[in-house]
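# Structural characterization, general
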Amino acid sequence: QVQLVESGGGLVQAGDSLRLSCAASGRTFSGYSMGWFRQAPGKERAFVASITSGGSTYYQDSVKGRFTISRDNAKNTVYLQMNSLKPEDTAIYYCAARPPLVTRWNNWGQGTQVTVSS
């Protein structure tokens, strides 16, 4: 198990950028896949991006080319760089962790609010 704490959310205008951070506890961070999910008002939580322990990245189609996920294993931190933000990106963003050989995301942070005004 890892404990996850997100930060970096806020209120921005369309076209602006934000960088979210997720700090993880635990010495096994480097072996986990890490992901970002978001939940907009009235909608279900949805996948945004993920990065494996080996550095492979995956993105939801709507954020490809605008968002970049990265990790710093020395700092036990995963980042989500969000550029060219749109009002439809408004949501609570959650960090998640998945241990090796596990298919389910079973560690979650408390979430950070991102609001993009038009």
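The following paragraphs examine the structure supplied in this document. These numbers come from a predicted model, not from an experiment.

With that settled, consider the overall build of the protein chain. Scanning the protein chain for helices and strands turns up zero helices and 11 strands. Starting at the N terminus and ending at the C terminus, the protein chain contains elements arranged as β-β-β-β-β-β-β-β-β-β-β. In summary, the protein chain has a C-alpha radius of gyration of 13 Å against a globular reference of 13 Å for 118 residues, a match within 12%. Principal axes of the C-alpha set define a box for the protein chain whose edges measure 40 × 25 × 25 Å. Buried residues in the protein chain amount to 42% of all 118 residues. Within the protein chain, contacts between residues separated by at least 24 positions form 54% of all contacts whose residues are at least 6 apart in sequence.

Of the two faces of strand S11 (residues 112–117), the one lined by Thr-112, Val-114 and Val-116 is fully buried and the one lined by Gln-113, Thr-115 and Ser-117 carries no buried residue. Taken together, the three bridges between strand S9 (residues 91–98) and S11 define a ladder with antiparallel strand orientation. In the sheet register, Ala-91 faces S11, and the bridge partner there is Val-114.

Moving on, we get to the sheet that holds strand S8 (residues 77–82). Strand order in the open sheet formed by four strands is S1-S3-S8-S7, and the pairing between neighbours is antiparallel. For this open sheet the edge positions go to strand S1 (4–7) and strand S7 (67–72), each flanked by a neighbour on one side alone. Taking the axes of each pair of neighbouring strands and ignoring which way they run, one obtains an average angle of 15° across the sheet. Pairing geometry for strand S3 (residues 18–24) and S8, over six bridges, is antiparallel. Pairing of Cys-22 across the sheet is with Val-78, part of S8.

Moving on, we get to the environment of Val-102. Here Val-102 shows up in the loop between S9 and strand S10 (107–108). Val-102 sits 70 residues away from Tyr-32 along the chain, and the two C-alpha atoms are 9.5 Å apart.

For strand S4 (residues 33–39), the tally of buried residues reaches six of seven residues, placing the bulk of the element in the interior. What sits between the antiparallel neighbours S4 and strand S5 (residues 46–51) is a turn of six residues, in which Gly-42 has the positive phi angle 80°.

As enumerated under the stated definition, the model contains three aromatic pairs in all. Seen from their ring centres, Phe-37 and Phe-47 are 5.7 Å apart, and the 80° between their planes marks the pair as edge-to-face. With Phe-37 in strand S4 and Phe-47 in strand S5, the pair connects residues that are 10 residues apart, well separated along the chain. Take Phe-47: its relative accessible area is 28%, and that puts it in the partly exposed class. Where Phe-37 meets Trp-105, the ring centres are 5.5 Å apart and the plane angle is 75°; that geometry is what we call edge-to-face.

Each value, and the rule that gives it
Residues numbered from 1 in each chain as written. Predicted model: local features only at pLDDT ≥ 70, side-chain atom pairs only at ≥ 80, totals over all residues. Heavy atoms only, no water. Helix = DSSP H or I, 4+ residues; strand = E, 2+ residues; numbered from the N terminus. Rg over C-alpha atoms; globule rule 2.2 N^0.38 Å. Buried < 20%, exposed > 50% of the residue type's maximum accessible area, 1.4 Å probe, protein only. Contact = heavy atoms within 4.5 Å. Pairing = 2+ DSSP bridges. Axes fitted to C-alpha atoms, helices over the stretch in contact; angles between N-to-C directions. Phe/Tyr/Trp six-rings, centres within 6.5 Å; stacked < 30°, edge-to-face > 60°.

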